Amino acid sequence: MNIGITCYPTYGGSGIVATELGMELAYRGHEIHFISYANPIRLDSGTPRIHYHEVEVTTYPLFEYPPYCLALASQMAEVAESYKLDLLHVHYAIPHSIAALLARDMMVSQMPSRRRLPFITTLHGTDITLVGADRSYFPITKFSIEKSDGVTSISDYLRARTIEVFGVEKDIRVIKNFVNCELYRPEPERKLASKLAPPGAAILMHVSNFRPVKRPLDCVRILQQVIQETPAHLLMVGDGPERGPAERLARELGVENNVSFLGKQAHVERLFPNAHVLLLPSELESFGLAALEGMACGVPPVATRAGGLPELVTHGTDGFLEDVGDVNAQAARVVSLLKDRDLLAKMGAAARLTALTRFCTSLIIPAYEEYYREICG
Ligand code: GMT
């Protein structure tokens, strides 16, 4: 098939899922056209059958806010016509599904003889739970979901929440997030560990966009408790508004030498296998892609019982889930893992097995292909 994919090209989980999906589909023989304002960060441009079309937004003194959505819609229609796209698949509802809707309608009115250009919207989380639920975006998000030819959600939780918040009757297909288990794999020798942390210190790792919803400050508080019991070093990977406050808190708590803020990293698959435990203390997580990537590398997560995380992590088997904000309980779980290396190894192996048997690309990508075929009729 010829498939157009639109996503946020930066570090958010939705962009990562869209990029990995496009690359996997290309490996399976589809022609994939990414349409966005920048090259998706994890996109390997050497992959055959991958094309990238940049959306350029013309500015004009009259435009206080350059109309990206309109430029995107025009580019989608142009690419669809030139490359005979069979469908558009947009990730994150706002504003991508509205742009796709415009592109679809433009094609119908400009080229009535052409086969219809259906579009699928994949809901990722904050497009529904935060941004979409905001009064200013609520009606248009609901409209775009209803007008999509197909809608998928990355967890049962998000599907239920979408129906509850928006009252939509649209069929929403749950296709869970996935991980490439060849690329994300355990590395028992932990080759980089000596460069990342002092000798003898266990490595805790947190990966996020450092938005308040991720509660990265809790990671620092957890670390403070853990190092009173056992040597540990925390790697904070990513960047965003809470990074500064987290760095400040580390200094205030006197643990700044036990934590490294690594900023945005393009190859987290090289870092994960060096970690002993992944911290994900999020307020809400529709899925928790970082937890899955860690699990594929054999790193058990200590996370929160929030949103879709219980669909991924089985408490006590392949990780631990505690209440949001319960730093004491989360720290105690980390200590229990670091002090009992048999338990750590057992949970790490179970985490890898979960990734392999339930969330591996080879299981999930065919579900997208089947859905595409259904939607294209
Ligand atoms: O919260 C993020 O990491 C960004 C956000 C996004 O849309 O880019 O992530 C959402 O989508 C990810 C990929 O499907 C999910 O793994 C995250 O759980 C989800 N984030 C939230 O629900 C807060």
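Below you will find a few notes about this structure. Since the structure is predicted, the reported quantities are computational estimates derived from the model, not experimental observations.

The next point concerns the packing of aromatic side chains. Scanning the entire structure with this criterion turns up seven aromatic pairs. Pairing Y37 with Y68 gives two aromatic rings, centres 5.6 Å apart and planes at 80°, and the pair type is edge-to-face. With Y37 in the loop between β2 (31-36) and β3 (50-54) and Y68 in helix α2 (residues 68-82), this residue pair connects regions lying 31 residues apart in the sequence. For Y37, a relative accessible area of 34% translates into the label partly exposed. In this structure Y68 comes out as buried when scored by relative accessible area, which is 16%.

Moving on, we come to the site of the ligand. Lining the immediate environment of the ligand, one finds 18 residues, of which S14, H124, N177, E285 and S286 sit closest. Here an oxygen atom of the ligand sits 2.9 Å away from a polar atom, N or O, in the side chain of N177. Here an oxygen atom of the ligand and a side-chain polar atom of K214 are 3.0 Å apart. Notes on the ligand: free accessible area 480 Å², of which the protein chains cover 93%. In terms of residues, the shell around the ligand owes the most to one element, helix α1 (residues 13-27), which gives three residues. Within the shell around the ligand, the residues separate by chemical class into six nonpolar, 10 polar and two charged. In terms of domain composition, the shell around the ligand takes at least three residues from each of domain 1 (2-178 + 360-376) and domain 2 (193-358).

Thresholds applied
Residues numbered from 1 in each chain as written. Predicted model: local features only at pLDDT ≥ 70, side-chain atom pairs only at ≥ 80, totals over all residues. Heavy atoms only, no water. Phe/Tyr/Trp six-rings, centres within 6.5 Å; stacked < 30°, edge-to-face > 60°. Helix = DSSP H or I, 4+ residues; strand = E, 2+ residues; numbered from the N terminus. Buried < 20%, exposed > 50% of the residue type's maximum accessible area, 1.4 Å probe, protein only. Near = heavy atom within 4 Å. Polar contact = N/O pair within 3.5 Å; in protein donor to acceptor, adjacent residues only side chain to side chain. Areas by Shrake-Rupley, 256 points an atom, 1.4 Å probe, with all protein chains shown as cover. Nonpolar A, V, L, I, M, F, W, Y, C, P; charged D, E, K, R; others polar. Domains from an automatic or database assignment.

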